[in-house]
Amino acid sequence: KQEVTQIPAALSVPEGENLVLNCSFTDSAIYNLQWFRQDPGKGLTSLLLIQSSQREQTSGRLNASLDKSSGRSTLYIAASQPGDSATYLCAVKGSGTYKYIFGTGTRLKVLA
Amino acid sequence: GAVVSQHPSRVICKSGTSVKIECRSLDFQATTMFWYRQFPKQSLMLMATSNEGSKATYEQGVEKDKFLINHASLTLSTLTVTSAHPEDSSFYICSASSVGLAGVDEQFFGPGTRLTVL
């Protein structure tokens, strides 16, 4: 059974700092992995999607990497801003399944 | 593109009543839609998978008679919480699966529905 864990659970950083969020999964047989952002009381916004054959994806100040063999993904946020404050979720879709399994989330607060 | 809407965004109801939540894919056809539930400060838990024209597949521990799912068309799935009780109060989010421009199967999420049962 796939289990997805994110550390840290919460993170508070000063504006401008570069930071890394971690996502680990127990079953390496994945189809893809997605990183999402969720603002309080809102739905999910997709940030980056990495296929199992890819090592990383980049969008603006965000870079997501995937190491399937070790069951890890990281989301790197460069030059963090207060507007980046939100909960970040990773979700894994297994090979041969339609399901996404979500991680526990990291609540990020960027201080002005 | 790939926009998913939910209606209503918020609903407050009395205990014992039934509530219907709609999930629509606005600019694409979704053969598969998913319903999630999220408790405060917790992650999303998959409740069921909805396939157009067939019965939904429920996750272990989810009561199918309490959470009725209908996927009548390629753009609409509904979740009905029957005889709602305060413990059903939660944030319900749907998603729709679509193959994007890059040929990648991706999920697109609705904005969620906040259900409060008094």
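So, here is what we can say about the structure in this document. Because the structure is predicted, anything quoted here is derived from the model rather than measured.

1. Looking at the overall build of chain A
Phase 1: Within chain A, the regular secondary structure consists of 0 helices and 11 strands.
Phase 2: Counted from the first residue to the last, chain A has its helices and strands arranged as β-β-β-β-β-β-β-β-β-β-β.
Phase 3: For 112 residues, the compact-globule estimate of 2.2 N^0.38 gives 13 Å, and the C-alpha radius of gyration of chain A, at 13 Å, lies within 12% of that figure.
Phase 4: Its C-alpha atoms give chain A principal-axis dimensions of roughly 45 × 25 × 20 Å.
Phase 5: Burial status across chain A gives 44% buried among its 112 residues.
Phase 6: Taking all contacts inside chain A whose residues are at least 6 apart in sequence as the whole, residues at least 24 apart take part in 54%.
Phase 7: Accessible surface for chain A amounts to roughly 5,300 Å². Of this, 49% is attributable to carbon and sulfur atoms.
Phase 8: Each charge class in chain A can be summarised by its mean position, and for the 11 positive and 8 negative side chains these summaries are 7 Å apart.

2. Section: the nonpolar core
Phase 1: One finds V4(B), W35(B), L79(B), Y92(B) and L115(B) to be the most contacted residues of the largest nonpolar core, which totals 24 residues.
Phase 2: At the level of secondary structure, the elements contributing two or more residues to this core comprise β2 (10-13), β3 (19-25), β4 (32-38), β5 (44-51), β7 (67-73), β8 (76-81), β9 (90-99) and β11 (113-117) of chain B.
Phase 3: Residues within four places of Y92(B) in sequence aside, it is in contact with Q6(B), I21(B), Y36(B), R37(B), M47(B), F67(B), L79(B), G112(B), T113(B) and L115(B).
Phase 4: C23(A), I50(A), A64(A) and L75(A) belong to the second largest nonpolar core, which has 22 residues in total.

3. Quick word on the sheet that holds strand β7 (residues 62-67) of chain A
Adjacent strands of a sheet form backbone hydrogen bonds with each other and so pair up, either parallel or antiparallel.
Residue and element names in this part refer to chain A.
Phase 1: Taken in spatial order, the 5 strands make up an open sheet running β1-β3-β8-β7-β6, and their pairing is antiparallel. The sheet is open, and its two borders are formed by β1 (4-7) and β6 (56-59), each paired with just one other strand. The sheet shows a mean angle of 15° between the axes of neighbouring strands, taken without regard to direction.
Phase 2: Bridge count for β6 against β7 is 4 bridges, and the pairing is antiparallel. Bridged to T58 within β7 is N63.

4. Examining the environment of S80(A)
All names here are of chain A.
Phase 1: Within the fold, S80 resides in the loop between β8 (72-77) and β9 (86-94).
Phase 2: Classification of S80 as buried rests on a relative accessible area of 1%.
Phase 3: Distance from S80 to L19, taken between C-alpha atoms, is 7.5 Å for residues 61 residues apart in sequence.
Phase 4: For S80, the contacting residues outside a window of four places in its chain are V13, P14, E15, G16, E17, L19, R61 and V110.
Phase 5: Side-chain polar atoms of S80 contact the backbone oxygen of E17, separated by 2.7 Å.

5. Regarding the pattern of salt bridges
Residue and element names in this part refer to chain A.
Phase 1: Within the structure shown, the criterion is met by 5 salt bridges over all chains.
Phase 2: Between R37 and D39 there is a salt bridge, and its shortest N-O distance comes to 3.0 Å.
Phase 3: A salt bridge links D84 to R61, with the nearest nitrogen and oxygen atoms 2.8 Å apart. Residue D84 is found in the loop between β8 and β9, and its partner R61 is found in the loop between β6 and β7; the two are separated by 23 residues along the sequence.
Phase 4: Since its relative accessible area comes to 30%, R61 is described here as partly exposed.

6. Overview of the pairing of β8(B)
Residues and elements named next belong to chain B.
Phase 1: Of all the 6 residues making up β8, 6 are buried; the element is thus mostly covered by neighbouring parts of the structure.
Phase 2: Burial of the side chains of β8 extends over both faces: L76, T78 and T80 are buried on one face and S77, L79 and V81 on the other.
Phase 3: Summarising the sheet, β3 and β8 pair through 6 bridges and their orientation is antiparallel. Counted as the bridge partner of R24 is L76 from β8.
Phase 4: In this sheet, β8 lies alongside β7 in antiparallel orientation, the contact comprising 5 bridges. Within β8, the residue paired with I69 across the bridge is L79.
Phase 5: Hairpin remark: β7 followed by β8, antiparallel, with 2 residues in the connecting loop.

Rules of the game
- Residues numbered from 1 in each chain as written.
- Chains lettered and ligands numbered in written order.
- Predicted model: local features only at pLDDT ≥ 70, side-chain atom pairs only at ≥ 80, totals over all residues.
- Heavy atoms only, no water.
- Helix = DSSP H or I, 4+ residues; strand = E, 2+ residues; numbered from the N terminus.
- Rg over C-alpha atoms; globule rule 2.2 N^0.38 Å.
- Buried < 20%, exposed > 50% of the residue type's maximum accessible area, 1.4 Å probe, protein only.
- Contact = heavy atoms within 4.5 Å.
- Areas by Shrake-Rupley, 256 points an atom, 1.4 Å probe, with all protein chains shown as cover.
- Lys, Arg positive; Asp, Glu negative; His and termini not counted.
- Charge placed at Lys NZ, Arg CZ, Asp CG, Glu CD.
- Core = buried A, V, L, I, M, F, W, Y, C linked by side-chain atoms within 4.5 Å.
- Pairing = 2+ DSSP bridges.
- Axes fitted to C-alpha atoms, helices over the stretch in contact; angles between N-to-C directions.
- Polar contact = N/O pair within 3.5 Å; in protein donor to acceptor, adjacent residues only side chain to side chain.
- Salt bridge = Lys/Arg side-chain N within 4 Å of Asp/Glu carboxyl O.

Geometric descriptors of this kind do not, in isolation, establish any biological role.
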